[in-house]
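A closer look at the structure
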Amino acid sequence: MAAHEIGEVLVQPEDLQRRVGELAERITADYAGRSLLLIGVLKGAMFFVSDLMRRLEVDCEVDFMAVASYGSQTSSSGVVRILKDLDGSIEGRDVLIVEDIVDSGLTLSYLLRTLRARDPASLEVCALLTKPERREVDLPIRYVGFEIENRFVVGYGLDHAERFRNLPYVAVLAGH
Ligand code: 5GP
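Residues take numbers from 1 onward in each chain, read along the sequence in its written order. Reporting in this predicted model follows two pLDDT cut-offs: at least 70 for local features of residues, and 80 or more for side-chain atom pairs to be given and counted; totals over whole chains, interfaces and linings ignore these cut-offs and use all residues. Based on all heavy atoms of the structure, the side-chain values leave hydrogens and waters out of the count.

1. Some words on the overall build of the protein
Counted only if it meets this: Strands are runs of DSSP state E lasting at least two residues, helices are runs of H or I lasting at least four, and both sets are numbered from the N terminus onward. Using C-alpha atoms as the atom set, the radius of gyration is obtained and then compared with a globule rule of 2.2 Å times the number of residues to the power 0.38. Residue exposure (1.4 Å probe, protein chains only): buried if accessible area is under 20% of the type maximum, exposed if over 50%, otherwise partly exposed. Contacts are assigned to residue pairs with any non-hydrogen atoms lying within 4.5 Å of each other. Method for areas: the Shrake-Rupley scheme with a 1.4 Å probe, in which residue coverage is limited to the protein chains shown. We score Asp and Glu as negative and Lys and Arg as positive, and we do not count His or the chain ends. Working definition for charges: the position is that of NZ of Lys, CZ of Arg, CG of Asp or CD of Glu.
The helix and strand inventory of the protein stands at three helices and nine strands. Each helix and strand of the protein, ordered N terminal to C terminal, gives the series β-α-β-α-β-β-β-α-β-β-β-β. At 16 Å, the protein has a C-alpha radius of gyration in line with the 16 Å of a compact globule built from 176 residues. By its C-alpha atoms, the protein is 50 × 35 × 25 Å across when sized along the principal axes. When the 176 residues of the protein are sorted by exposure, 47% land in the buried category. Contacts spanning at least 24 positions in sequence make up 68% of the contacts within the protein whose residues lie at least 6 apart. For the protein, the accessible surface area stands at approximately 8500 Å², while carbon and sulfur atoms represent 47% of it. For the protein, the distance from the average position of its 20 positive side-chain charges to the average position of its 28 negative side-chain charges is 2 Å.

2. Things to note about the site of the ligand
The test is simple: We call a residue near a given molecule or strand whenever any one of its heavy atoms falls within 4 Å of it. Polar contacts, as used here, are pairs of N or O atoms within 3.5 Å; protein pairs need one atom able to donate a hydrogen and one able to accept it. Residues neighboring in sequence count only if both atoms are side-chain atoms. For this classification, the nonpolar set comprises Ala, Val, Leu, Ile, Met, Phe, Trp, Tyr, Cys and Pro, the charged set comprises Asp, Glu, Lys and Arg, and every other residue, Gly included, is treated as polar.
The full set close to the ligand counts 16 residues, and S104, G105, T107, V153 and D159 are the nearest of them. Between D103 and the ligand, the recorded distance is 2.9 Å, taken from a backbone N or O atom to an oxygen atom. The contact in question runs from an oxygen atom of the ligand to an N or O atom on the backbone of L106, over 3.5 Å. Residue assignment for the shell around the ligand shows that the elements contributing at least two residues are β5 (94-102) and α3 (106-116). Per-element tally for the shell around the ligand: the top contributor is β5, with four residues. Class assignment of the residues belonging to the shell around the ligand gives a composition of six nonpolar, four polar and six charged.

3. Observations regarding the nonpolar core
Under the convention used in this document: We define a nonpolar core as any set of buried Ala, Val, Leu, Ile, Met, Phe, Trp, Tyr and Cys residues linked to one another through side-chain atoms lying within 4.5 Å.
In this structure, I27, L36, L96 and L129 are the most contacted members of the largest nonpolar core, which totals 29 residues. Those elements giving two or more residues to this core turn out to be α1 (13-30), β2 (35-42), α2 (46-54), β5, β6 (122-130), β7 (143-147) and β9 (170-173). Look past the residues within four positions of L129 in its chain and what remains in contact with it is D100, I101, V102, F146, I148, V153, L158 and V170. In terms of nonpolar packing, the next biggest core, distinct from the first, is built from 20 residues, L37, M65, V80 and V102 among them.

4. Let's talk about unusual backbone geometry
Omega for the peptide link from L42 to K43 comes to -5°, which places this bond in the cis form. In this fold, K43 is placed in the loop between β2 and α2.

Below, the structure is given as structure tokens:
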């Protein structure tokens, strides 16, 4: 991995872990006595959902969805294609969508619409990162890890053309 490709580190590994722990504590309290279905959005949320799930102290299950947005690589068009759908039904379930990053919000808005139509008992969102400056649609994001500035970031699951997911921190891609 060429060091010159990675710019400023925005979130260090220990800060990621501390925040994941705090979110897990809140979610554990909010869902006490219920059974929770986590929906990890692939591939970006892979480490986030697995770290978060390990720290939850409520009865929980996990399922995965993979989506791709049509259009250019670094901006969302809001037209979303489901690459992999859930394995099971969410009807009557308490569902928590676990997302890597919410940028314009168009991808999440599509996911919320699609999943709401399947009649879950409740539907909330937990996003590791958000870029409030870029938001085009107002979305109810119940749990947020970090608000970041409007820069393209990689690491901790987030990629650029499939690379850099393995970085243990969240960093700006050099030149972005
Ligand atoms: P939105 O529809 O909210 O504009 O875009 C959401 C999707 O775009 C995210 O799930 C992610 O795949 C991608 N994305 C948005 N911003 C970034 C970023 O800074 N870094 C990376 N790696 N992906 C991003």
